[in-house]
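# Fold and contact review
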Amino acid sequence: MPAAPAAFDPHDPLGLDELLGPEELAVRDTVRQWAADRVLPHVADWYERGELPVVRELARELGSIGALGMQLTGYGCAGASAVQYGLACLELEAADSGIRSLVSVQGSLAMYAIHRYGSEEQKQQWLPAMAAGEVIGCFGLTEPDHGSDPAAMRTRAKRDGSDWVLDGRKMWITNGSVAGVAVVWARTDEGVRGFLVPAGTPGFSAPEIRHKWSLRASVTSELVLDGVRLPADAVLPEVTGLRGPLSCLNHARYGIVWGAVGAARASFEAALDYARSREQFGRPIGGFQLTQAKLADMALELHKGILLAHHLGRRMDAGRLRPEQVSFGKLNNVREAIEICRTARTVLGANGISLEYPVMRHATNLESVLTYEGTVEMHQLVLGKALTGIDAFRG
Ligand SMILES: Cc1cc2nc3c(=O)[nH]c(=O)nc-3n(C[C@H](O)[C@H](O)[C@H](O)COP(=O)(O)OP(=O)(O)OC[C@H]3O[C@@H](n4cnc5c(N)ncnc54)[C@H](O)[C@@H]3O)c2cc1C
């Protein structure tokens, strides 16, 4: 006789926790506890102030729990699986997308670029300190006039003797002003190449971008490069061409597939909780059919999103994850997550717009997540091309 099914759990209606092994559950629980202790009590305040005042402290703590460059091996990195990394992203983004962004840019963009394309000396110089959170990294690809189409970038690196000289601007760069090292992608005579620019290099500055209404608890900056002279060994030797930055983005997008459902989960849970306790017309609003329809639809998309993230994670661990599949996950999960947050906002009524509850913060954060790492339209075009065989990126 098969055992009777476990009782229905409103927080895990499909029993998806059963898909996780003990080590995966341990990673999830460690990161969840860290976020509960170190982020949740403060994040509404940081958000309201539009700053992340303790970013260096948080980076060191994230390093100490192994969350930085988590999937990388050696150089002080945790060597975790794709599913473990995904679970960490989910738990971090359930606290705030800004904290997950800090970790994604550090691990999946800056460290990943150095780990995959750097020289042994570059790896030794930067990766252990970055894994420990002692050095923060950023990743500069987007420019003021070139976002979705990085092939048209204007930032240029020219050889001068054995040195390189960089000129240009990068825009919307997460961690920029607090970074000890910037991975900057620039056009050269040989094609696009990656350069490691240490903070403090003459001609390089990273002014912070203010007045954001999304990802407010995250540092976002411009990178200014005015005749930045770098030694020959500042270039990442193992890659030339856009496939370099695009491979890093693919890795970071995979984390977003998981992260977005974290923001959705936090919003769904806030709505469920509120619906059970808030009374109107003499009964909990969760007793009205229209509220139940919202909760049921949110639960469907939330747990389908977790299942999709899990499936993609297992494929990545098996070495069988294609970039088009990452686009599938990013497009679906961020789009559904933002819809869940917006619906949760309506369940909370006027309280839904308050920072006392997380839903509006998550909804506005996800506006950035919808745009960065490839907009909705870019991922539709990736899938459109994969489905039809016709490239529609240029009209
Ligand atoms: C908070 C935040 C943090 C970020 N962090 C980083 C970072 O750390 N590093 C980094 O390099 N970048 C970063 N970005 C930049 C981000 O990756 C870009 O914003 C994104 O790639 C889109 O570029 P864009 O904003 O220039 O929009 P554009 O490319 O100008 O697009 C504007 C609109 O036009 C649409 N569009 C463009 N081309 C087409 C087409 N062919 N067909 C149909 N529609 C099209 C787009 O989908 C979008 O809807 C960040 C952005 C934000 C908001």
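Residues numbered from 1 in each chain as written. Predicted model: local features only at pLDDT ≥ 70, side-chain atom pairs only at ≥ 80, totals over all residues. Heavy atoms only, no water.

In the annotation of an unreviewed UniProt entry, the entry for the chain reads Glutaryl-CoA dehydrogenase, and the organism field reads Actinacidiphila guanduensis. The Cofactor (unreviewed entry) field of the UniProt record for the chain holds the comment "FAD". (UniProt positions renumbered as here; feature names shortened; annotations may be inferred.)

Scanning the chain from terminus to terminus reveals 11 helices and nine strands. Along the first, second and third principal axes, the C-alpha atoms of the chain reach 80 × 50 × 45 Å. Here the chain, with 395 residues, has 54% of them falling under the buried criterion. Taking the contacts inside the chain whose residues are at least 6 apart along the sequence as the reference set, 76% of them involve residues at least 24 apart. As displayed, the chain has an accessible area near 17300 Å², and 54% of this comes from carbon and sulfur atoms. If the 40 positive side-chain charges of the chain are averaged to one point and the 46 negative ones to another, these points end up 4 Å apart. (Helix = DSSP H or I, 4+ residues; strand = E, 2+ residues; numbered from the N terminus. Buried < 20%, exposed > 50% of the residue type's maximum accessible area, 1.4 Å probe, protein only. Contact = heavy atoms within 4.5 Å. Areas by Shrake-Rupley, 256 points an atom, 1.4 Å probe, with all protein chains shown as cover. Lys, Arg positive; Asp, Glu negative; His and termini not counted. Charge placed at Lys NZ, Arg CZ, Asp CG, Glu CD.)

Attention now goes to the UniProt feature "domain: Acyl-CoA dehydrogenase/oxidase N-terminal" (unreviewed entry) in the chain. Following the UniProt record, one finds the feature "domain: Acyl-CoA dehydrogenase/oxidase N-terminal" (unreviewed entry) at residues 22-134. Counted over residues 22-134, helix gives 72% and strand 0%. Its end C-alpha atoms are 30 Å apart.

End to end, helix 1 (residues 22-38) covers 24 Å across 17 residues, agreeing with the expected 24 Å (1.5 Å per residue, within 8%). Looking at helix 1, one finds that the buried residues are E24, V27, R28, V31, W34 and A35. Buried positions in helix 1, seen along its axis, are confined to an arc of 135° and lie on one side of it. (Expected span 1.5 Å × (residues − 1). Arc of directions from axis to C-beta.)

Further remarks concern helix 9 (residues 323-347). Spanning 25 residues, helix 9 covers 36 Å between terminal C-alpha atoms, matching the ideal 36 Å at 1.5 Å per step. Backbone geometry just after helix 9 places G349 at a positive phi near 55°.

Turning our eyes to something else, we now look at the nonpolar core. F139, V183, W185 and Y254 are the most contacted members of the largest nonpolar core, which has 109 residues in total. Of the residues forming this core, the biggest block, 17 residues, is contributed by helix 7 (residues 243-277). Counting 19 residues, the second largest nonpolar core, distinct from the first, contains A157, L166, A182 and V184. (Core = buried A, V, L, I, M, F, W, Y, C linked by side-chain atoms within 4.5 Å.)

Mapped onto the fold, R216 is located in the loop between strand 6 (204-205) and strand 7 (220-230). The buried charged residue R216 lacks any salt bridge, with E48 as its nearest oppositely charged partner at 7.6 Å. Separated by 2.9 Å, the side chain of R216 and the backbone oxygen of E48 make a polar contact. Each residue touching R216, except ones within four places of it in the same chain, is listed here: W46, Y47, E48, R49, G50, E51 and N365. (Salt bridge = Lys/Arg side-chain N within 4 Å of Asp/Glu carboxyl O. Polar contact = N/O pair within 3.5 Å; in protein donor to acceptor, adjacent residues only side chain to side chain.)

With that settled, the discussion passes to the pattern of salt bridges. Under the defined criterion, the tally for this structure stands at 26 salt bridges. The closest approach of N and O atoms between D17 and R28, which form a salt bridge, is 3.0 Å. Taken together, the residues span a long stretch of sequence, with D17 in the segment before helix 1 and R28 in helix 1 at a distance of 11 residues. Relative accessible area serves as the criterion here: at 35%, D17 is assigned to the partly exposed category. Taking the shortest distance from any N to any O, the salt bridge between E190 and R193 comes out at 2.8 Å. Classification of R193 as buried rests on a relative accessible area of 8%. Among the ionic contacts, a cluster of salt bridges with common partners joins D17, R28 and D29.

Surveying the vicinity of the ligand reveals 18 residues, the closest of which are T142, S148, W172, T375 and E377. Between an oxygen atom of the ligand and a main-chain N or O atom of L141, the distance comes to 3.0 Å. At 2.9 Å, a side-chain N or O of T174 approaches a nitrogen atom of the ligand. Protein burial of the ligand: of its 970 Å² of free accessible surface, 67% is covered by the chains. (Near = heavy atom within 4 Å.)

Together, L14, L19 and L307 make up a nonpolar patch on the protein surface, roughly 260 Å² of accessible area in all. Here L19 is to be found in the segment before helix 1. L19 sits in the partly exposed class, given a relative accessible area of 39%. (Patch = residues over 30% accessible without salt bridge, like charges linked within 9 Å, V, L, I, M, F, W, Y side chains within 5 Å.)

Next up on the list: the UniProt feature "domain: Acyl-CoA oxidase/dehydrogenase middle" (unreviewed entry) in the chain. Mapped onto this structure's residue numbering, the UniProt feature "domain: Acyl-CoA oxidase/dehydrogenase middle" (unreviewed entry) falls at residues 138-228. Overall, residues 138-228 shows 0% helix and 52% strand. The separation of its end C-alpha atoms is 17 Å.

Across the interface, helix 1 lies against helix 4 (residues 82-95) with an axial gap of 9 Å and an inter-helix angle of 20°. One element, helix 1, and the other, helix 4, form an angle in the roughly parallel class. Once helix 1 is placed against helix 4, the crossing between them reads as right-handed. Judged by residue contacts, E23, E24, V27, R28, V31, R32, W34 and A35 of helix 1 engage V83, Q84, L87, A88, E91, L92 and A95 from helix 4. (Axes fitted to C-alpha atoms, helices over the stretch in contact; angles between N-to-C directions. Parallel < 35°, antiparallel > 145°, perpendicular 65-115°, else oblique. Left-handed = near helix turned anticlockwise from the far one by under 90°.)

This next bit is on the packing of helix 8 (residues 289-317) against helix 9. Put simply, helix 8 and helix 9 touch, their axes get as near as 10 Å, and they point 155° apart. With respect to their mutual orientation, helix 8 and helix 9 come out roughly antiparallel. Crossing angle aside, the handedness with which helix 8 passes helix 9 is left-handed. In contact with T291, K294, M298, E301, L302, G305, L308, A309, L312 and R315 of helix 8, helix 9 contributes Q325, F328, G329, N332, N333, E336, I340, T343, A344, T346 and V347. Taken together, the residues of the contact of helix 8 with helix 9 break down into nine nonpolar, eight polar and four charged. (Nonpolar A, V, L, I, M, F, W, Y, C, P; charged D, E, K, R; others polar.)

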